[in-house]
Amino acid sequence: MTSRTVSESIRKRITKLQRDLLNHDYRYFVLADPVISDREYDTLMRELIELEEQYPEFRTPESPTQRVGGVPTKEFPTVTHTRPMLSLSNTYNEDELYDFDRRVRNGLGEEEVMYVAEIKFDGVAVTLHYENGVFVLGATRGDGMQGDDITVNLRTVRSIPLQLRNDGRKYNRLEIRGEVLMFKEDFFALNKYREEQGQRLFANPRNATAGTLKLQDSKIVAQRKLRFFAYQLLDEDVKSNSHFERLNMLIDMGLPVSDKFERYTSVEKVIGFCRDIEKERDELLYEIDGVVVKVDSLTLQEKLGTIAKSPRWATAYKFTARQAETTLNSIVLQVGRVGTITPVAELEPVLLGGTTVKRATLHNADEIERLDVRAGDTVIVEKGGDVIPKITGVVKEKRPKGTRAFTFPDTCPVCKSGIKRLDGEANYFCINTECPAQIRGRLEHFVSRQAMDIDGLGEAIIEQLINRKLVITPADLYELKKDDLVPLERMGEKSASNLINAIEKSKAQPFNRILYALGIRHVGQGVARILAEEFGSIDELQKAGEEELTAVREIGPRIAQSVTAYFQERNNLEMIERLTKAGLVFSLQGSEEKKQTLKDTTFVLTGALDSLTRDEAKALVETLGGKVTSSVSKKTDYVVAGADAGSKLNKARELNITVLNEEEFLNMVKDH
Ligand code: IVH
């Protein structure tokens with residue numbers, strides 16, 4: 001054979017492998033009907049990778065080997081959307097759906113309108129651009145007008161075709177919108193891995209997806225098993241005037257579309273669909289938070305138009321906040337940093353309202369008795385808003401044989417010292433301040449993000465430091481040497497140095513944070529800030545009596561008593577002395593005045609941020625002298641928009657107020 005024919009046959013083999021693998025992706029992700037095993041797939045993929053390495057001239061950007069890009073990016077370029085990415089109005093019950101239907105029919109002057117009902121994915125919206133069938137650009141929704149170009153990350157999502165099939169190739173340009181999400185199973189596995197690695201857990205699959213899409217290293221994105229589902233095919237060049245037909249065209253072009261979509265001629269049938277889906281909800285492989293109802297005809301859609309940022313031709317029917325049933329594996333007693341003993345239910349993990357629930361508080365001994373809840377029971381867990389999940393009932397019919405009522409012990413479950421219940425308080429507490437649980441709790445609190453913010457000191461490391469008697473009080477942290485750390489599990493030379501640096505860096509934390517970090521009972525972030533500002537130094541605070549303390553705004557007798565009691569403990573005074581020697585400054589510093597960089601600046605926070613809670617964000621702003629209000633007005637300086645930011649964002653745009661995304665906000669407040 002001539003070298004020419006050799007290379008010709010290689011080219012053919014490469015092309016065939018590329019085509020076959022793409023076809024297998026299609027069968028797997030779109031048709032959910034794979035014809036080969038994962039292992040066979042991997043074998044073909046390996047062959048292709050090797051051949052393409054030897055003959056790079058035959059490698060094309062659309063080859064299935066080309067999903068993971070090169071070097072990590074620094075920043076995502078901004079993309080202006082061809083057409084804004086709208087949000088949806090919400091309906092919360094069947095009556096509201098009837099209202100929607102009435103508005104649509106009145107608006108159109110039609111007796112009957114066809115609707116498409118489809119599931120509402122609880123993921124992250126993205127838009128994909130294809131040119132002559134080739135995937136060229138993928139972007140986030142951003143503020144609806146502009147998003148981030150995350151093409152490199154989206155290329156790694158295997159259910160997003162790098163090349164379209166059939167008619168998809170005929171169009172010069174196509175824009176396809178849909179949702180990226182993570183299957184529940186993959187989400188649990190990811191969190192389990194992160195837990196083992198001592199990394200922060202994601203609250204729910206949506207946050208995990210959003211966090212992943214923001215990563216600058218597409219290699220990590222590729223490992224995260226994200227999925228894509230398409231729900232909208234834009235473009236005038238596409239002839240079909242029906243959304244329903246367009247969904248079917250998407251499938252034909254090789255895009256994954258959920259099989260849960262139907263076309264109906266009446267709102268009653270749409271409601272029937274909503275009821276069915278709500279029942280099936282838990283069986284789906286991914287999280288959904290409702291049903292989207294859309295007018296089928298694009299002409300009619302256009303006729304109805306858009307109001308504010310949502311179309312009049314569609315609405316989201318949101319499911320009600322949920323209860324879930326799960327098994328209570330055991331009741332454990334937790335001892336907090338101030339000794340409070342709280343019974344906690346360890347549950348079989350269950351997804352509820354978008355977050356994984358593994359534990360629920362049982363509050364106290366009386367509550368356990370009231371519910372008559374036992375290990376092995378099937379329980380009903382409820383969650384509303386940001387509240388910690390609660391057990392609201394026991395399914396007694398499902399109680400297995402041989403369960404026993406829980407008995408509250410009369411000694412601390414951790415150190416076996418005596419326990420006490422104060423008058424008027426519902427909880428018992430351990431009277432031994434040297435109780436290991438309290439020691440651990442105090443350390444965890446001290447290093448936490450809101451307190452000294454020492455990175456790299458997770459629970460697992462703290463546990464080891466305590467077990468090896470390297471650390472008992474926070475003051476001991478500042479005496480740690482790198483050599484103490486290196487022998488710890490999951491600790492290398494590098495991470496040991498990083499940790500030492502983080503501890504060193506924490507010495508520069510301002511007085512209010514240090515005060516909060518001490519973990520004085522009832523002294524939260526807000527109170528710590530007030531005390532720091534009011535008294536200026538730990539010496540002055542120590543000198544203050546209960547009366548002087550209660551004279552301060554927002555300080556009541558409960559706090560005053562706890563503060564004075566704190567300074568009566570010799571151990572506490574010794575620790576403060578050691579911390580001072582280590583270099584922590586227990587007083588306001590001149591520079592802190594200057595650090596009021598956000599003085600007279602007003603913020604409105606809207607939507608969910610990934611890396612911190614609303615309260616934390618608020619505290620950050622306030623520490624720097626800024627103010628956080630709840631509604632957007634002309635006086636607002638900045639609106640911080642997290643995921644799913646709603647009407648406040650629209651208002652901000654109307655009033656021309658600067659909108660910050662999470663990263664911009666963090667840049668503004670960090671290092672303070
Ligand atoms: S249609 C104007 N269809 O819901 C139509 N959206 O609140 C806009 N979403 O950002 C999109 N499932 O992330 C549509 N089947 C579905 C959807 C869906 C989830 C999300 C999407 C959008 C948000 C709107």
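In the block above lies the structure referred to throughout.
Scope of this entry: the structure provided in the associated data block.

Calculation criteria
- Counting of residues starts from 1 at the beginning of each chain's written sequence and follows it residue by residue.
- Per-residue local features of the predicted model are confined to residues with pLDDT of at least 70, and side-chain atom pairs are confined, for both listing and counting, to 80 or more; whole-chain, interface and lining totals are unaffected and use all residues.
- Remark: hydrogens and water are excluded; side-chain values derive from all non-hydrogen atoms of the structure.
- Helix and strand assignments follow DSSP, with helices taken as H or I runs no shorter than four residues and strands as E runs no shorter than two, numbered in order from the N terminus.
- We compute the radius of gyration from the C-alpha atoms alone; for a globule the expected value is 2.2 Å times N to the 0.38, where N is the number of residues.
- Using a 1.4 Å probe on the protein chains alone, a residue whose accessible area is under 20% of its type maximum counts as buried, one over 50% counts as exposed, and one in between counts as partly exposed.
- Contacts: residue pairs with any heavy atoms within 4.5 Å of one another.
- Note that accessible areas follow from Shrake-Rupley with a 1.4 Å probe, and for residues the cover is restricted to the protein chains shown.
- His is not counted, nor are the chain ends, whereas Lys and Arg count as positive and Asp and Glu as negative.
- Charge positions are represented by NZ for Lys, CZ for Arg, CG for Asp and CD for Glu.
- Pairs of N or O atoms are called polar contacts if they sit within 3.5 Å, as long as, within protein, a hydrogen donor faces a hydrogen acceptor (for residues adjacent in sequence, only side-chain-to-side-chain pairs).
- In this description, a line fitted to the C-alpha atoms serves as the axis of each element, helices being fitted only across the stretch in contact, and the angle between N-to-C directions of two axes falls anywhere from 0 to 180 degrees.
- We call two directions roughly parallel when the angle between them is under 35 degrees, roughly antiparallel when it is over 145, roughly perpendicular when it lies between 65 and 115, and oblique otherwise.
- Under the scheme applied here, ten amino acids are nonpolar (Ala, Val, Leu, Ile, Met, Phe, Trp, Tyr, Cys and Pro), four are charged (Asp, Glu, Lys and Arg), and all others, including Gly, are polar.
- Throughout, the term near means that a residue has one or more heavy atoms lying within 4 Å of the molecule or strand in question.
- Left-handed describes a crossing in which the near helix is turned anticlockwise from the far one by less than a right angle; the clockwise case is right-handed.
- We define a nonpolar core as any set of buried Ala, Val, Leu, Ile, Met, Phe, Trp, Tyr and Cys residues linked to one another through side-chain atoms lying within 4.5 Å.

## Some remarks on the overall build of the protein
Then, number 1: Looking only at helices and strands, one finds 26 helices and 24 strands in the protein.
Then, number 2: Since a compact globule built from 672 residues should have a radius of gyration of about 26 Å, the 29 Å found for the protein is in line with a globular shape.
Then, number 3: Referenced to the eigenvectors of the C-alpha coordinate spread, the extents of the protein come out at roughly 85 × 70 × 65 Å.
Then, number 4: Out of the 672 residues in the protein, the part that is buried amounts to 47%.
Then, number 5: Long-range pairs, those at least 24 residues apart, make up 67% of the contacts in the protein between residues at least 6 apart in sequence.
Then, number 6: In the form shown here, the protein has an accessible surface area of approximately 34,400 Å², with 48% of it arising from carbon and sulfur atoms.
Then, number 7: Between the centroid of the 96 positive side chains of the protein and the centroid of its 105 negative side chains there is a distance of 2 Å.

## Notes on unusual backbone geometry
Then, number 1: Positioned with a positive phi, Lys416 is a non-glycine residue whose angle comes to about 65°.
Then, number 2: Summarising the element assignment, Lys416 is placed in the loop between strand E18 (390-394) and strand E19 (419-421).
Then, number 3: Residue Lys469 is not a glycine yet carries a positive backbone phi of 55°.
Then, number 4: Mapped onto the elements of the fold, Lys469 is located in the loop between helix H13 (459-467) and helix H14 (474-477).
Then, number 5: Exposure remark for Lys469: the relative accessible area of 68% places this residue in the exposed category.

## Observations concerning the side chain of Arg374
Then, number 1: Its place among the elements puts Arg374 in the loop between helix H11 (365-371) and strand E17 (378-382).
Then, number 2: Look at Arg374 and you get buried, because its relative accessible area is 18%.
Then, number 3: Polar side-chain contacts of Arg374 include one of 3.4 Å to the side chain of Thr403.
Then, number 4: Those residues in contact with Arg374 that lie beyond four places of it in its chain are Leu328, Arg399, Thr403, Arg404 and Ala405.

## Quick notes on the packing of helix H21 (residues 557-568) against helix H22 (residues 570-582)
Then, number 1: Between H21 and H22, the least distance of the axes is 5 Å, while the angle of their chain directions is 80°. Between H21 and H22, the interaxial angle falls into the category roughly perpendicular. For the pair formed by H21 and H22, the contact residues are Tyr566, Phe567 and Gln568 on the first element and Arg570, Asn572, Leu573, Met575 and Ile576 on the second.
Then, number 2: Across the contact of H21 with H22, the residue classes break down as five nonpolar, two polar and one charged.

## Focus: the site of the ligand
Then, number 1: Around the ligand, 15 residues are found, and the nearest of them are Glu118, Ile119, Glu179, Tyr231 and Lys294.
Then, number 2: Contact between the ligand and Glu118: a nitrogen atom at 2.9 Å from a side-chain N or O atom of the residue.
Then, number 3: In the environment of the ligand, an oxygen atom lies 2.6 Å from a nitrogen or oxygen atom belonging to the side chain of Glu179.
Then, number 4: Here the ligand loses 91% of its free accessible area of 510 Å² to cover by the protein chains.
Then, number 5: When contributions to the shell around the ligand are tallied by element, the ones reaching two or more residues are strand E3 (115-121) and strand E10 (288-295).

## Here's the deal with the packing of helix H12 (residues 436-447) against H13
The axes of two packed helices give the description: the angle between them and the distance between them.
Then, number 1: Remark: H12 packs on H13, axes separated minimally by 10 Å, with the N-to-C direction vectors making an angle of 135°. It follows that H12 is oblique to H13 by the angle criterion. When the axes of H12 and H13 are compared, the crossing they make is right-handed. The residues of H13 that touch H12, namely those facing Ile439, Arg440, Leu443, Glu444 and Val447, are Glu459, Ile462, Glu463 and Ile466.
Then, number 2: Here the residues of the contact of H12 with H13 are counted per class, giving five nonpolar, no polar and four charged.

## Details of the nonpolar core
Then, number 1: With 54 residues, the main nonpolar core has Leu477, Leu518 and Leu531 as its most contacted residues.
Then, number 2: A total of six residues in this core trace back to one element, the largest contributor, which is helix H18 (residues 525-535).
Then, number 3: Apart from the residues within four sequence positions on either side, Leu518 is in contact with Ile538, Tyr566, Met575, Ile576, Leu579 and Phe586.
Then, number 4: Among the nonpolar cores identified, the runner-up in size contains 39 residues, and Val124, Leu162, Leu190 and Ala210 belong to it.

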